[in-house]
Amino acid sequence: MYASVMELEAKPFTEQVAEKHETYIDVHYLIEGEEMIGWSPAEGGEQPVQAYDEEGDYALYQPSDEEVKLAMKPGMFAVFFPHDIHRPGMAEQPAAIRKLVVKIHINMFES
């Protein structure tokens with residue numbers, strides 16, 4: 001498990017692709033600003049626009065038509081499991097955000 005504090009400029013919806021991990025659970029905690037995060041379940045038939053990168057633990061996808069948008073405000077968090085496709089770092093208007101992302105390896109939940 002490890003954590004990173006990220007400071008970034010939120011992008012418009014049209015400029016952000018979605019991501020999916022295989023070995024880490026993501027916990028996104030918003031510290032400053034406002035952020036929209038898109039979420040959709042991986043149904044199994046999605047084709048990545050960028051193949052899985054094992055070292056970075058991600059594949060990139062086009063957003064789903066079924067995507068749900070989560071409106072994040074400071075103090076809120078969202079958890080994304082390996083079966084979740086998510087699209088963080090978005091806003092209606094470009095804006096600075098500061099967030100903490102905690103990565104938890106799925107092996108931590110095995111007995």
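If you're wondering where the values come from, they're calculated on a predicted model, not measured in any experiment. (Residues numbered from 1 in each chain as written. Predicted model: local features only at pLDDT ≥ 70, side-chain atom pairs only at ≥ 80, totals over all residues. Heavy atoms only, no water.)

> I would appreciate a short explanation of unusual backbone geometry in the present structure.
Working note: non-glycine residues mostly have negative phi, and peptide bonds are mostly trans. In this structure, D57 takes a positive phi of about 55° despite not being glycine. With respect to the secondary-structure elements, D57 resides in the loop between β5 (50-53) and β6 (58-61). (Helix = DSSP H or I, 4+ residues; strand = E, 2+ residues; numbered from the N terminus.)

> Just checking my understanding: could you explain the pairing of strand β10 (residues 95-105) for this structure?
The two faces of the sheet receive side chains in turn, since in a regular strand these alternate between them. Two elements, strand β1 (residues 2-10) and β10, share nine bridges in a ladder whose sense is antiparallel. The residue bridging V5 from the neighbouring strand is L100, located in β10. Across eight bridges, strand β3 (residues 24-32) lies against β10 in antiparallel orientation. Looking at the pairing, Y24 lines up with H105 of β10. (Pairing = 2+ DSSP bridges.)

> How should I be thinking about the packing of aromatic side chains in this particular structure?
Any aromatic ring pair is given by two values, namely how distant the centres are and how the planes are angled relative to each other. Per the stated rule, a full pass over the model turns up one aromatic pair. Cation over ring: K69 sits above F13, and NZ or CZ is 5.3 Å from the ring centre. (Phe/Tyr/Trp six-rings, centres within 6.5 Å; stacked < 30°, edge-to-face > 60°. Lys NZ or Arg CZ within 6 Å of the ring centre and 35° of its normal.)

> When you look at the pattern of salt bridges in this model, what are you seeing that I'm missing?
Where side chains of opposite charge bring their charged atoms close, a pairing between them can arise. One pass over the full model with this rule turns up seven salt bridges. With its nearest N and O atoms 3.5 Å apart, the salt bridge here joins K69 to E67. Judged by its relative accessible area of 40%, K69 falls in the partly exposed class. Within this structure, E67, K69 and R87 form a network of salt bridges that share partners. (Salt bridge = Lys/Arg side-chain N within 4 Å of Asp/Glu carboxyl O. Buried < 20%, exposed > 50% of the residue type's maximum accessible area, 1.4 Å probe, protein only.)

> Before we go on, may I ask you to explain the side chain of H86 in this structure?
Of note, H86 is situated in strand β9 (residues 84-90). Of the residues examined, H86 reaches a relative accessible area of 0% and is grouped as buried. Only 3.5 Å separates the side chain of H86 from the side chain of H21, close enough to count as a polar contact. In this structure the side chain of H86 is engaged in a polar contact, spanning 3.2 Å, whose partner is the side chain of D26. (Polar contact = N/O pair within 3.5 Å; in protein donor to acceptor, adjacent residues only side chain to side chain.)

> Before we go on, may I ask you to explain the sheet that holds strand β8 (residues 77-80) in this structure?
Whether parallel or antiparallel, the strands of a sheet pair through hydrogen bonds between backbone atoms. Spatially, four strands are ordered β1-β10-β3-β8 in an open sheet, and the strand pairing comes out antiparallel. Of all the strands in the sheet, just β1 and β8 have a single pairing partner and so form its edges. The mean inter-strand angle of the sheet, taken between neighbouring strand axes irrespective of direction, is 25°. (Axes fitted to C-alpha atoms, helices over the stretch in contact; angles between N-to-C directions.)

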